[in-house]
Amino acid sequence: KQQPGDFAIWQAADGTWQIWSCIRDTRCGGHTRLFFRWEGKHITDTHWQPKGIAMRAEPALGESAGGLQAPHVFKEKDCYYMIYGDWQRICLATSPDGKTFSRVLNARGQPDLFSGPYENTRDPMMLKLNGLFYCYYMGHKQGAHYQSAIFCRTSEDLKEWSEPIMVSAGGKPAAHTNWFGADAECPFVVAKDGLFYLFRNQLYGANNLNTQYASPNPLNFGVGHDRYRLGTLPVAAPEIVLHKGQYYIAALNPGLDGIRVARLRWIER
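Residues numbered from 1 in each chain as written. Predicted model: local features only at pLDDT ≥ 70, side-chain atom pairs only at ≥ 80, totals over all residues. Heavy atoms only, no water.

Draft legend 1. Fine view of the overall build of the chain. What the chain contains, in helices and strands, is zero helices and 20 strands. Seen through its principal axes, the chain has C-alpha atoms that stretch 40 × 40 × 40 Å. Among the 269 residues that make up the chain, the fraction classed as buried is 54%. Contacts in the chain between residues at least 24 apart in sequence constitute 44% of all its contacts with a sequence separation of at least 6. A total of about 12500 Å² of accessible surface is found on the chain, and carbon and sulfur atoms cover 47% of it. Side chains of the chain carry 29 positive and 25 negative charges; the gap between the two charge centres is 5 Å. (Helix = DSSP H or I, 4+ residues; strand = E, 2+ residues; numbered from the N terminus. Buried < 20%, exposed > 50% of the residue type's maximum accessible area, 1.4 Å probe, protein only. Contact = heavy atoms within 4.5 Å. Areas by Shrake-Rupley, 256 points an atom, 1.4 Å probe, with all protein chains shown as cover. Lys, Arg positive; Asp, Glu negative; His and termini not counted. Charge placed at Lys NZ, Arg CZ, Asp CG, Glu CD.)

And the structure:
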């Protein structure tokens, strides 16, 4: 019953391509989740080589047992940064080569950057704009007006973070969900030609569904309205990669048995 979930895809320092995915329903205990990794020589390769379990939760550092979720990797200067969820918090690890990551511990001896305002703080991704880091993530909360929402916090140094801003919630996609936390998952934001494009997930599996928005403001993709909504794609948990002038989209297989990659074209409307 093991299934890959939200994942990260990036090119390591040696030129190889890496995928780390949250695998759920394992026997690791707790929330049953850990990170597994694969490696390919090219982003267009098939049958990437499995490289084994990459990371497990560390309860001694405050992480929830079996609670690792949704890694995202970005490179800043000569260092690779991984942000990920530990079931309730967004955490940070770094790597010199983009393959082996070590947690960055704060003054309390834990790897967390922040949590909340909703429960199950998770699915982070990072975008850097004009020297400022924008961390997009989601949470869900039973009984809240928007039970699932995407938030953003900003930072200049990856240590001190702003208060959260709700950047996307509600709107038409809410009608398609099959559980209260799933209409605003796995946010991914792309900056392109003066606009910001949000890929917002609603459904995994055979009926996978993702909705896209385009906004001139990276902190406002619509809360309670569809003003910036573009359309939908039959994909789940997509990541967008720009490599040598070509865009690619990576997403979960509809059968939740792997990850697929395709070339992506942008069409002006």
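Back to the write-up after that little detour.
Draft legend 2. Examining the sheet that holds strand β20 (residues 259–264) more closely. With antiparallel pairing, the three strands of this open sheet are ordered in space as β18-β19-β20. Pairing within the sheet leaves two strands with one partner each, and these edge strands are β18 (239–243) and β20. Here the average twist between neighbouring strands, direction ignored, is 25°. (Pairing = 2+ DSSP bridges. Axes fitted to C-alpha atoms, helices over the stretch in contact; angles between N-to-C directions.)

Draft legend 3. Region of interest: the pattern of salt bridges. As enumerated under the stated definition, the model contains 12 salt bridges in all. Across the salt bridge formed by Glu76 and Lys128, the nearest N and O atoms sit 2.4 Å from each other. One end of the pair, Glu76, is in strand β5 (residues 69–76); the other, Lys128, is in strand β10 (residues 119–129), with 52 residues separating them in the sequence. Judged by relative accessible area, which is 40%, Lys128 ranks as partly exposed. A salt bridge links Asp86 to Arg89, with the nearest nitrogen and oxygen atoms 2.8 Å apart. With a relative accessible area of 11%, Arg89 lands in the buried category. Beyond isolated ion pairs, a larger network of salt bridges with shared partners links Asp14, Arg37, Glu39 and Lys99. (Salt bridge = Lys/Arg side-chain N within 4 Å of Asp/Glu carboxyl O.)

Draft legend 4. Spotlight on the side chain of Ser21. Within the secondary structure, Ser21 sits in strand β2 (residues 17–24). Overall, Ser21 belongs to the buried group, its relative accessible area being 0%. Within the structure, Ser21 has its side chain in polar contact with the backbone oxygen of Gly5 (distance 3.1 Å). For Ser21, the residues in contact, after removing those within four places along its chain, are Pro4, Gly5, Asp6, Phe7, Leu34, Phe35, Phe36, Trp38 and Ile259. (Polar contact = N/O pair within 3.5 Å; in protein donor to acceptor, adjacent residues only side chain to side chain.)

Draft legend 5. How the structure looks around the packing of aromatic side chains. Inspection of the entire model under this criterion finds 15 aromatic pairs. An angle of 50° between the planes, with centres 6.1 Å apart, marks the rings of Phe74 and Phe133 as tilted. On the criterion of sequence distance, the pair formed by Phe74 in strand β5 and Phe133 in strand β11 (residues 132–140) is long-range, its members being 59 residues apart. You can call Phe74 buried: its relative accessible area is 12%. What makes Phe133 buried here is its relative accessible area of 6%. For the ring pair Tyr118 and Phe151, a centre distance of 5.1 Å and an interplane angle of 75° mean the geometry is edge-to-face. Taken together, the residues Tyr118 in the loop between β9 (112–114) and β10 and Phe151 in strand β12 (residues 148–155) connect sequence positions 33 residues apart. For the pair Tyr118 and Phe151, a shared accessibility class is recorded, and that class is buried. (Phe/Tyr/Trp six-rings, centres within 6.5 Å; stacked < 30°, edge-to-face > 60°.)

All we've got here are geometric facts, nothing functional implied.
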